[in-house]
Amino acid sequence: MAMSAEIRKQVVVALYSSLAVSVLTSTPVFMMTRLPFDLYPWTLLFTTGMTLVMWGVNILLFYFSGGRRLLRYAASYVLCLLFAVGLFHGLIFPGASMGFGSKGTGFYFHVILFFAVDTVLLIVQDLVVVRERKAAVELENAQLRVRNMEAVNLQLKQQIQPHFLFNSLSTLKSLIRYSPADAGEYVVKLAGFLRSSMASHAAALVTVAQEVELCKDYLSMQRIRFGEALQFTVEVVENGLLPVFALQGLIENAIKHNVLTKERPLLIRVTGNGDRITVVNNLQPATPVDEVGGTGLANLQERYRMLGGGDIVVRKSETEFSVSIIILRDEDRDH
């Protein structure tokens with residue numbers, strides 16, 4: 001017969017619990033009677049074997065009862081009674097003139113003992129089954145939560161790529177018209193950026209080094225577009241993991257929501273400080289300050305929440321806007 005996880009668990013419990021049941025049932029008998037102690041090891045061996053047999057009967061009943069507990073309990077008690085009668089009245093005392101239940105054989109005691117042991121085994125069996133089913137349900141729920149998180153995270157990432165590609169193609173169109181030489185260089189940078197981003201797109205997380213390279217490629221593309229109006233520094237040497245496109249999204253927000261001119265260049269700094277990476281830009285908003293980075297930051301915060309990475313930190317002053325994100329470690333993540 002094919003063994004399910006529940007039956008395998010019952011077999012394991014039967015193997016390590018039978019000796020304990022034997023000790024608990026045999027020891028009081030020797031303590032309350034004058035039986036010679038040199039019989040104790042043989043009694044333990046005998047009662048352990050009997051317990052294993054009772055476990056085997058209950059496991060078979062569980063397999064064939066189809067989940068009908070009342071039928072399984074009734075059949076177990078009937079077989080337990082027949083086992084006790086056949087063992088003590090037919091084998092241990094064969095041909096004895098003493099009738100069923102005679103005080104001389106102490107048969108009442110043995111029947112009660114067998115019923116007590118069988119009841120304990122049935123209760124333990126049910127506890128094992130309930131625990132195994134609960135563990136299976138919890139595992140299935142955890143797998144469903146992980147799949148749901150992965151689906152949500154993929155949806156959030158897919159919101160980033162079309163927006164970036166649309167902006168890049170619009171920029172390329174303008175460069176082709178006004179600066180063909182820059183347009184050629186821009187296409188090369190764009191191809192490299194898309195190649196790197198597609199390699200990372202299947203993963204929820206990338207290494208800090210990979211994300212920094214994407215960040216530098218993106219900034220180089222924007223430098224072709226804006227020239228001296230955009231200035232940047234990237235100083236990150238930390239190890240760890242980041243949500244893919246995290247830094248690129250923050251830089252894109254800074255460029256999108258601020259004025260960039262030669263007279264008033266946008267200054268972007270990307271720095272690391274151990275457990276966080278911070279993107280800082282001078283504040284010269286093209287849109288109201290309260291609207292700066294709203295959708296992009298909400299997207300990034302949701303992705304961090306799905307990955308178990310805590311909150312991002314946003315700071316604004318009269319002259320600067322900064323966003324600090326946590327560098328994730330494997331042990332810090334939910335999955």
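In what follows, the structure referred to is the one given above.
Before going into details, it helps to say that this report is about the structure given with it. (Residues numbered from 1 in each chain as written. Predicted model: local features only at pLDDT ≥ 70, side-chain atom pairs only at ≥ 80, totals over all residues. Heavy atoms only, no water.)

A word on the sheet that holds strand β2 (residues 230–235)
Which entries qualify depends on this criterion: Think of it this way: DSSP has to see at least two bridges between two strands before they count as a pair. Working definition: helices are DSSP H or I runs of at least four residues, strands are E runs of at least two. Numbering for both runs from the N terminus. Convention adopted: a line fitted to C-alpha atoms gives each axis, helices being fitted over their contacting stretch, and angles between N-to-C directions are expressed from 0 to 180 degrees. Any pair of residues with heavy atoms lying within 4.5 Å of one another is described as a contacting pair.
Taken together, the five strands give an open sheet; going across it, the order is β2-β4-β5-β7-β6, and neighbouring strands pair in mixed fashion. A single partner strand is all that each edge strand has here, and the edge strands are β2 and β6 (313–316). Averaged over all pairs of adjacent strands, the angle between their axes in this sheet comes to 10°, without regard to strand direction. Inspection of the sheet shows β2 paired to strand β4 (residues 266–272) by six bridges, in the parallel sense. Looking across to β4, one finds that Glu 235 is bridged to Thr 271. Across the sheet, helix α6 (residues 208–226) lies against β2, β4 and β5 (276–282), angled at about 165° from β2, the strand it touches most. Its contacts with the sheet place helix α7 (residues 246–256) against β2, β4, β5 and β7 (320–326), and it is angled at close to 160° to β4.

Considering the nonpolar core
For the record, the criterion: Take the buried residues of types Ala, Val, Leu, Ile, Met, Phe, Trp, Tyr and Cys, join any two whose side-chain atoms come within 4.5 Å, and each joined set is a nonpolar core. Each residue is placed in one exposure class: buried if its accessible area under a 1.4 Å probe, protein chains only, is under 20% of its type's maximum, exposed if it is over 50%, and partly exposed if it falls in between.
Counting residues in hydrophobic clusters, the biggest one holds 46 residues, and the most contacted among them are Leu 247, Ile 251, Ile 268, Val 270, Ile 277 and Ile 325. Of all the elements, α6 adds the most residues to this core, at eight residues. For Ile 251, the contacting residues outside a window of four places in its chain are Cys 215, Tyr 218, Leu 219, Ile 268, Val 270 and Val 279. If you look at the next biggest cluster of nonpolar residues, it comprises 16 residues, including Ala 14, Trp 55, Val 111 and Val 117.

Details of the environment of Leu 214
Along the chain, Leu 214 turns up in helix α6. Overall, the relative accessible area of 3% leaves Leu 214 in the buried class. Put simply, Leu 214 and Ala 246 are 32 residues apart on the chain and 9.8 Å apart in space, counted from C-alpha to C-alpha.

Some remarks on the pattern of salt bridges
The line we're drawing: A pair is scored as a salt bridge if a Lys or Arg side-chain nitrogen falls within 4 Å of a carboxyl oxygen belonging to Asp or Glu.
Evaluated as defined, the whole model comprises five salt bridges. When the shortest N-O distance is used, the salt bridge between Glu 228 and Arg 223 registers 3.3 Å. On the basis of relative accessible area, Glu 228 is assigned to the partly exposed category, the value being 45%. The partly exposed category is assigned to Arg 223, whose relative accessible area is 30%. The network of salt bridges with shared partners includes Arg 69, Arg 72 and Asp 126.

Notes on a nonpolar patch on the surface
Test applied: Patch members must show over 30% relative accessible area and no salt bridge, and they are joined within 9 Å when carrying like charges or within 5 Å when they are nonpolar side chains of Val, Leu, Ile, Met, Phe, Trp or Tyr. Each accessible area is a Shrake-Rupley result for a 1.4 Å probe, and residues are judged covered by the shown protein chains and nothing else.
On the surface, Leu 35, Leu 39, Trp 42 and Leu 45 cluster together into a nonpolar patch covering about 450 Å² of accessible area. Note on placement: Leu 45 falls in helix α2 (residues 40–65).

Notes on the packing of aromatic side chains
Basically, it comes down to this: Ring geometry is summarised as follows: Phe, Tyr and Trp rings, the Trp one being its six-membered ring, pair when their centres sit within 6.5 Å, and such pairs are stacked at plane angles under 30 degrees, edge-to-face over 60 and tilted between the two.
One pass over the full model with this rule turns up three aromatic pairs. Plain terms: the ring middles of Tyr 63 and Phe 64 are 4.9 Å apart, the flat faces sit at 85° to each other, and that makes the pair edge-to-face. For Tyr 63, a relative accessible area of 34% translates into the label partly exposed. The class of Phe 64 is exposed, set by a relative accessible area of 61%. Ring plane angle 5° and centroid distance 5.5 Å describe the contact between Tyr 77 and Phe 115, whose orientation is recorded as stacked.

Comments concerning the pairing of β6
With four bridges connecting them, β6 and β7 associate as antiparallel partners. Each residue of the ladder has a partner; that of Val 313, found in β7, is Ser 324. Following β6, the chain reverses through three residues before pairing antiparallel with β7.

With respect to the packing of α6 against α7
We count it as follows: Note on angle classes: values under 35 degrees are labelled roughly parallel, values over 145 roughly antiparallel, values of 65 to 115 roughly perpendicular, and the remainder oblique. Note on convention: near helix rotated counterclockwise from far helix by under a right angle means a left-handed crossing. Clockwise means right-handed.
The contact between α6 and α7 brings their axes to 8 Å, and the two run at 25°. Relative to α7, α6 is oriented roughly parallel. At the point where α6 passes α7, the crossing takes the right-handed sense. On α7, the residues touching Glu 211, Val 212, Cys 215, Tyr 218, Leu 219, Gln 222 and Phe 226 of α6 are Ala 246, Leu 247, Gln 248, Ile 251, Glu 252 and Ile 255.

So, to be careful, I would describe these as geometric facts and stop short of saying anything about function.
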